[in-house]
Amino acid sequence: MFFSGGKSADATADAGYDYFDGGSGDDVLVLEGMPTRYTTTFDTSTGELTFTDKLPVEYGGEGTIRIKNIEKVSYFGPEGPFDLLVNVTGVSGDYSIQA
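A few points on the structure. Since this is a predicted model, take the numbers as computed values, not measurements.

Summing up its helical and strand segments, the protein chain has one helix and ten strands in all. Secondary structure elements of the protein chain, listed N to C terminal, follow the sequence β-β-α-β-β-β-β-β-β-β-β. The burial tally for the protein chain puts 34% of its 99 residues in the buried class. A fraction of 44% describes how many contacts in the protein chain between residues 6 or more apart in sequence connect residues 24 or more apart.

Here's what the structure looks like:
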């Protein structure tokens with residue numbers, strides 16, 4: 001996992017996940033697997049996306065990652081890269097995956 005821009009707060013020890021807030025500007029989060037390896041949810045109350053890696057941590061999985069104010073998520077894997085472009089306004093999210 002690589003994060004470019006904003007602030008990173010590693011909350012793994014306390015809450016069981018990593019948290020990244022991109023703040024203003026263009027930010028990218030890079031995930032190591034294909035999009036199908038992650039369960040992705042959007043919380044309308046916080047404007048945060050959550051990525052839960054289906055690969056167990058003991059086999060190289062990334063666990064759970066929560067993000068906010070990040071404009072692009074890049075996935076890398078044997079069929080990638082793929083980009084998830086994020087456009088969140090208010091409490092609704094607009095997402096698209098591009099190869």
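This part takes up the nonpolar core. A general trend in soluble globular proteins is that nonpolar side chains are found buried together. Within the largest apolar cluster, 15 residues are counted, with the highest numbers of intra-cluster contacts made by Leu 29, Leu 31, Phe 51, Ile 67, Val 73 and Tyr 75. The set of elements that each furnish at least two residues to this core consists of β4 (28–31), β6 (48–53), β7 (64–68), β8 (72–75) and β9 (82–89). Among the elements that take part in this core, β9 stands out by supplying three residues, more than any other. Apart from residues lying up to four places away in sequence, Ile 67 is in contact with Phe 20, Leu 29, Gly 47, Glu 48, Leu 49, Phe 51 and Val 73.

The subject of this paragraph is the pattern of salt bridges. Counting across every chain of the model gives four salt bridges. Salt-bridge contacts for Arg 37 lead to Glu 62; the nearest nitrogen and oxygen are separated by 4.0 Å. With Arg 37 in the loop between β4 and β5 (38–43) and Glu 62 in the loop between β6 and β7, this pair connects stretches of sequence that are 25 residues apart. The class for Glu 62 is buried, based on a relative accessible area of 12%.

All right, on to unusual backbone geometry then. Although it is not a glycine, Asn 69 sits at a positive phi angle of roughly 60°. Residue position: Asn 69 is located in the loop between β7 and β8.

Within the secondary structure, Asp 21 is located in strand β3 (residues 18–21). At 2.9 Å, the side chain of Asp 21 forms a polar contact with the backbone nitrogen of Gly 23. In terms of polar contacts, Asp 21 uses its side chain to reach the side chain of Asn 69, at 2.8 Å.

Before going further, it helps to examine the pairing of β3. Burial along β3 is two-sided: Asp 18 and Phe 20 facing one way and Tyr 19 and Asp 21 facing the other are all buried. Pairing geometry for β3 and β7, over four bridges, is parallel. Across the sheet, residue Phe 20 finds its bridge partner in β7, namely Ile 67.

What follows covers the side chain of Glu 48. Relative to the elements of secondary structure, Glu 48 occurs in strand β6. Among the polar contacts listed, one links the side chain of Glu 48 to the side chain of Arg 66, at a separation of 2.2 Å. Excluding residues within four positions of it along the chain, Glu 48 makes contact with Tyr 19, Thr 41, Phe 42, Asp 43, Arg 66, Ile 67 and Lys 68.

Reading the values: the criteria
Residues numbered from 1 in each chain as written. Predicted model: local features only at pLDDT ≥ 70, side-chain atom pairs only at ≥ 80, totals over all residues. Heavy atoms only, no water. Helix = DSSP H or I, 4+ residues; strand = E, 2+ residues; numbered from the N terminus. Buried < 20%, exposed > 50% of the residue type's maximum accessible area, 1.4 Å probe, protein only. Contact = heavy atoms within 4.5 Å. Core = buried A, V, L, I, M, F, W, Y, C linked by side-chain atoms within 4.5 Å. Salt bridge = Lys/Arg side-chain N within 4 Å of Asp/Glu carboxyl O. Polar contact = N/O pair within 3.5 Å; in protein donor to acceptor, adjacent residues only side chain to side chain. Pairing = 2+ DSSP bridges.

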